[in-house]
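So the chains spell out like this:
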Amino acid sequence: MITFKIKRYNPEKQAEPYFEEFQLDVQDDLTLLDCMNEIKWTLDGSLTYRMSCRSAICGSCAVKANGHAILACQRQVRHLVKDDDTIVLEPLGNMKPIKDLAVDFKPFWEKIDKVKPYLQPKQKAPEKERIQSPEQFKFIDDSSTCIMCGACYSDCDVLEVDDNFLGPAALAKAQRFVQDSRDEKTLERVKELSKPGGIWDCTHCAECVERCPKPARPFDRIKEIMTVALEQGVTNNNGARHALSFAKSVKSSGRLNENIIPVESVGFFNFKGLFDLLPVGLRMFFKGKNPPILHKSIDEVEDVKRIYRELNE
Ligand code: SF4
Ligand code: SF4
Ligand code: FES
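Caption draft 1: Layout of the domain arrangement of the protein chain. Annotation of the protein chain at the domain level lists domain 1 (2-103), domain 2 (113-231) and domain 3 (238-312). Inter-centroid distance (C-alpha atoms) of domain 1 to domain 3 is 46 Å.

Listed below in structure tokens is the structure:
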């Protein structure tokens, strides 16, 4: 017997959401979606959520189970149930609930639109299709598997504090076209994606990789766009400068030079940016938290340099 604690919300009846409990005698092999259907069909027909394919294909059944976004049709309840025989179900995060477990995907789709999710070739369309080799397709194979379920978007911690961030799904979709051999707008795309709200605002927490039910793995795709942006010379922004300064510091001393990295990240001649750093620097100084002025290398620095050399080769 499992207790499902489900977050209910119906703005037409009650302003605030609340939890309601449903108990179900659950067979071992049932998926979470099977149980949600059972609750809807036998206990409360007003329970609202999205579903369609029941095969982890359409992406519509994503919900939060015990605090993490998952596809309800892809997970058996026996792998979700907590020690006290409960499962807590809530709507996806970072989107406004409409009713019960259904959320408003509008901001999600607007961000997908922003990355221009279509091919932009220079040449006119050939009579037959534009062909790719298997090697060329490998670059976009993983991102092509995205089913737009929103699980990554729901649990991205940057989106919790910054609505402007494009988010993992849109950035994975962007990589799909940045690295498509048939697309001719690579430079324009990475310039756009390097602006505030783009790739460099990701905090590298990798939560989206944990949540993604497919091989799309958004954070891996974000790293690929970062690499293309650096290769294309799109480095005149804080994020790219920070990455380059970080790598340079580790390469030369085996550790981060926290005196130099902030300055190199905002740019030596960005006087306003440098001025903005001043209060943080002074606070650190007066609290005794500032790093040593003289930056020492670690003892094994030659090993670090060797790793860089081998990577470059
Ligand atoms: S790795 Fe980046 S995009 Fe993915 S969840 Fe973390 S902050 Fe969001
Ligand atoms: S990247 Fe993964 S988690 Fe995000 S929308 Fe696509 S399939 Fe879902
Ligand atoms: S119902 Fe289609 S992905 Fe779950």
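Caption draft 2: View of the environment of glutamate 258. As for its placement among the helices and strands, glutamate 258 is situated in the loop between α10 (238-253) and α11 (260-266). Each C-alpha atom, one on glutamate 258 and one on valine 234, is 24 Å from the other, the two residues being 24 residues apart in sequence.

Caption draft 3: Spotlight on the site of ligand 1. Looking at ligand 1, there are 14 residues lining it, with Cys156, Cys202, Cys205, Ala206 and Cys208 nearest. Breaking the shell around ligand 1 down by element, the ones donating at least two residues are α5 (157-161), α8 (207-211) and α9 (218-231). By residue class, the composition of the shell around ligand 1 is 10 nonpolar, 2 polar and 2 charged.

Caption draft 4: The side chain of threonine 86, seen in detail. Relative to the assigned elements, threonine 86 resides in strand β5 (residues 86-90). Note on threonine 86: relative accessible area 7%, which makes it buried. Among the polar contacts listed, one links the side chain of threonine 86 to the side chain of aspartate 84, at a separation of 2.7 Å. When neighbours within four sequence positions are excluded, threonine 86 is seen to be in contact with Thr3, Lys5, Asn66 and Val81.

Reading the values: the criteria
Residues numbered from 1 in each chain as written. Chains lettered and ligands numbered in written order. Predicted model: local features only at pLDDT ≥ 70, side-chain atom pairs only at ≥ 80, totals over all residues. Heavy atoms only, no water. Domains from an automatic or database assignment. Helix = DSSP H or I, 4+ residues; strand = E, 2+ residues; numbered from the N terminus. Near = heavy atom within 4 Å. Nonpolar A, V, L, I, M, F, W, Y, C, P; charged D, E, K, R; others polar. Buried < 20%, exposed > 50% of the residue type's maximum accessible area, 1.4 Å probe, protein only. Polar contact = N/O pair within 3.5 Å; in protein donor to acceptor, adjacent residues only side chain to side chain. Contact = heavy atoms within 4.5 Å.

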